[in-house]
Amino acid sequence: LAAGEITARAQVDYASVAKTQELRGRDHFALGVTAIHPNGFGVVIDGYYGHVARAEAEEMGISWGVEYGGRLLAFGIEKQGKGEEYYNMMLRAAPFPVRDLTPGNFSKGKRFEEQMAPLFKSGKMRVSNEPDNRFLQQFVNEWLAWDGSQHYYDDCLDAVYYSTRLIKGFIKPTAGDI
């Protein structure tokens, strides 16, 4: 995808840590960027994954959103738990549209297996083959390891799940959908 040909959406699964000693077993901050391909499918193109302090997470959200400039159509934030604080800060400070996203009453199994997986299986969502992209590699690793047992991280899965929510209306239907 050429940079000028995409419209992007960014989404965040927010988590922060105050001290280095709090890292063990803590969720990660995950920010995913998804583009709409001109042929009508979504592509996970970039992102960030790691432990960050709150101030760093706020700065990162603004800088990534600004980096995609006029191509950023929405910046979604999972607004559960600490995500609500992050959403409120971004709503006040971001120079781009910010949307709150919630999982509703859907379990991760339903979200990942029944809502997100069919989009990838049908080719309506794809993952960029950009080499050496840590976020894309982590997303694929989480996707391959996911079995619902919660013995591993799934922060990138959450960020990409929310991206599918942001682009749902932009994906072109296929013959099988009609």
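Preceding this section is the structure that the text describes.
Thresholds applied
- Residues numbered from 1 in each chain as written.
- Predicted model: local features only at pLDDT ≥ 70, side-chain atom pairs only at ≥ 80, totals over all residues.
- Heavy atoms only, no water.
- Helix = DSSP H or I, 4+ residues; strand = E, 2+ residues; numbered from the N terminus.
- Contact = heavy atoms within 4.5 Å.
- Core = buried A, V, L, I, M, F, W, Y, C linked by side-chain atoms within 4.5 Å.
- Buried < 20%, exposed > 50% of the residue type's maximum accessible area, 1.4 Å probe, protein only.
- Salt bridge = Lys/Arg side-chain N within 4 Å of Asp/Glu carboxyl O.
- 1 Å grid on protein atoms, 1.4 Å probe; cavity = no way out; pocket = protein on both sides within 12 Å on 5 of 7 lines; lining within 4 Å.
- Points joined across faces, edges and corners; volume = space filled by probe spheres on them.
- Nonpolar A, V, L, I, M, F, W, Y, C, P; charged D, E, K, R; others polar.
- Pairing = 2+ DSSP bridges.
- Right-handed = clockwise from strand over helix to strand, strands pointing away.

A. Quick look at the environment of glycine 61. Looking at the element boundaries, glycine 61 is found in helix α1 (residues 54-67). As a C-alpha pair, glycine 61 and valine 12 span 49 residues in sequence and 8.1 Å in three-dimensional space. Setting aside its immediate chain neighbours within four residues, glycine 61 contacts Leu31, Phe75, Tyr86, Met90 and Phe96.

B. Looking closely at the nonpolar core. The biggest cluster of nonpolar side chains holds 25 residues, and the ones touching the most others in it are Val12, Phe29, Phe75, Ile77, Tyr86 and Met90. At the level of elements, β1 (7-13), β2 (29-36), β3 (42-50), α1, β4 (72-78) and α2 (83-93) are the ones that each hand at least two residues to this core. When sequence neighbours within four positions are dropped, the list of residues in contact with isoleucine 77 reads Val12, Gly83, Tyr86, Tyr87, Met90, Val98, Arg99, Asp100 and Leu101. By size, the runner-up hydrophobic cluster in this structure holds 24 residues, among which are Leu119, Met125, Phe135 and Leu157.

C. Spotlight on the pattern of salt bridges. Counted under the stated rule, the structure contains six salt bridges. A salt bridge links glutamate 85 to arginine 54, with the nearest nitrogen and oxygen atoms 3.6 Å apart. Of this pair, glutamate 85 sits in helix α2 while arginine 54 sits in helix α1; the two residues are 31 residues apart in sequence, bridging distant segments of the chain. Linked through salt bridges whose partners overlap, the residues forming this network are Arg54, Glu58, Lys82 and Glu85.

D. Structural detail: the layout of surface pockets. Within this model, the second largest pocket holds a volume of roughly 190 Å³. As for the second largest pocket, its lining consists of Gln115, Leu119, Lys124, Tyr161, Thr164, Arg165, Lys168 and Ile171. Broken down by secondary-structure element, the contributors of at least two residues to the lining of the second largest pocket are α3 (108-121) and α5 (155-167). It is α5 that provides the largest number of residues to the lining of the second largest pocket, a total of three residues. The residue inventory of the lining of the second largest pocket, partitioned by class, reads three nonpolar, two polar and three charged.

E. Highlighting the pairing of β4. Extensive coverage of β4 is indicated by the burial of six of its seven residues. Note that β4 and strand β5 (residues 98-101) share four bridges and pair parallel. For phenylalanine 75, the partnering residue across the bridge sits in β5 and is valine 98. The handedness of the β4 to β5 crossover, carried by α2, is right-handed.

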